[in-house]
Amino acid sequence: QVQLVESGGGLVQAGGSLRLSCTASGRTLSSYVMGWFRQAPGKDREFIGTINRGGGSTSYGNSVRGRATISRDNAKNMVYLQMNSLNPEDTAVYYCGASQIPTLTRRQVDYDYWGQGTQVTVSS
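Residues numbered from 1 in each chain as written. Predicted model: local features only at pLDDT ≥ 70, side-chain atom pairs only at ≥ 80, totals over all residues. Heavy atoms only, no water.

1. With respect to the pattern of salt bridges
Here is step 1 of the chain: Counting across every chain of the model gives four salt bridges.
Here is step 2 of the chain: Among the salt bridges present, the one from Arg67 reaches Asp90, with a minimum N-O distance of 2.8 Å. Remark: Asp90 occurs in the loop between strand E8 (78–83) and strand E9 (92–99) and Arg67 occurs in the loop between strand E6 (58–60) and strand E7 (68–73); sequence separation between them is 23 residues.
Here is step 3 of the chain: With relative accessibility at 15%, the residue Arg67 sits in the buried group.
Here is step 4 of the chain: A residue is classified by how much of its surface remains accessible, and Asp90, at 1% relative accessible area, is buried. (Salt bridge = Lys/Arg side-chain N within 4 Å of Asp/Glu carboxyl O. Helix = DSSP H or I, 4+ residues; strand = E, 2+ residues; numbered from the N terminus. Buried < 20%, exposed > 50% of the residue type's maximum accessible area, 1.4 Å probe, protein only.)

2. Here we look at the sheet that holds strand E3 (residues 18–25)
Pairing between the strands of a sheet is mediated by backbone hydrogen bonds and can be parallel or antiparallel.
Here is step 1 of the chain: Within the open sheet, the four strands sit side by side as E1-E3-E8-E7. Their pairing is antiparallel. Two strands bound the open sheet, and with one partner strand each, they are strand E1 (3–7) and E7. Taking each pair of neighbouring strands and ignoring which way they run, the sheet shows an average axis angle of 20°.
Here is step 2 of the chain: Across five bridges, the pairing between E1 and E3 is antiparallel. The residue of E3 that forms the bridge with Ser7 is Ser21. (Pairing = 2+ DSSP bridges. Axes fitted to C-alpha atoms, helices over the stretch in contact; angles between N-to-C directions.)

3. Considering unusual backbone geometry
Here is step 1 of the chain: Residues other than glycine seldom take positive phi values, yet Asn77 does so here, at roughly 60°.
Here is step 2 of the chain: Checked against the element boundaries, Asn77 lands in the loop between E7 and E8.
Here is step 3 of the chain: With relative accessibility at 14%, the residue Asn77 sits in the buried group.
Here is step 4 of the chain: Despite not being glycine, Ser85 shows a phi value in the positive range, around 50°.
Here is step 5 of the chain: Within the secondary structure, Ser85 sits in the loop between E8 and E9.

4. With respect to the packing of aromatic side chains
Here is step 1 of the chain: Per the stated rule, a full pass over the model turns up five aromatic pairs.
Here is step 2 of the chain: Their ring planes at 70° and their centres at 5.0 Å tell us that Phe37 and Trp114 sit as a pair that is edge-to-face. Separated by 77 residues along the polypeptide, Phe37 in strand E4 (residues 33–39) and Trp114 in strand E10 (residues 113–114) bring together distant segments of the chain.
Here is step 3 of the chain: Overall, Trp114 belongs to the partly exposed group, its relative accessible area being 26%. (Phe/Tyr/Trp six-rings, centres within 6.5 Å; stacked < 30°, edge-to-face > 60°.)

5. Re the environment of Thr91
Here is step 1 of the chain: Counting through the fold element by element, Thr91 comes out in the loop between E8 and E9.
Here is step 2 of the chain: Sequence spacing of Thr91 and Tyr80 is eleven residues, and the spatial spacing of their C-alpha atoms is 18 Å.
Here is step 3 of the chain: The contacts of Thr91, once residues within four sequence positions are left out, are Ala40, Gln119, Val120, Thr121 and Val122.
Here is step 4 of the chain: Reaching out from Thr91, the side chain makes a polar contact with the backbone oxygen of Pro88 at a distance of 3.0 Å.
Here is step 5 of the chain: A distance of 2.9 Å separates the side chain of Thr91 from the backbone nitrogen of Val122, its partner in a polar contact. (Contact = heavy atoms within 4.5 Å. Polar contact = N/O pair within 3.5 Å; in protein donor to acceptor, adjacent residues only side chain to side chain.)

Here's what the structure looks like:
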């Protein structure tokens, strides 16, 4: 069993940046493709991006491409999401997920484990 914990959320002004972190207990994250998703009130969970096991390949959703960077440090068992140029539409609960599928995937159903999420609020 993998337990994921996100951190780094908070209140930020429009135009600002945040770095979210995801760590795990129970298993090493290097065994998983990792993804970041977000869910705004009243909306479906949205794909942000994903990173392969080694950290050398990433893929991003259209709404954040160019503003988001996912990275990982397998030695520290950590995955990160850097978000820049934040705007109020980025306000959401941000989740990390771990997938046993060996390839990059943006499908929620491919992720086996999820964290509880961290709230990001962007003020205008």
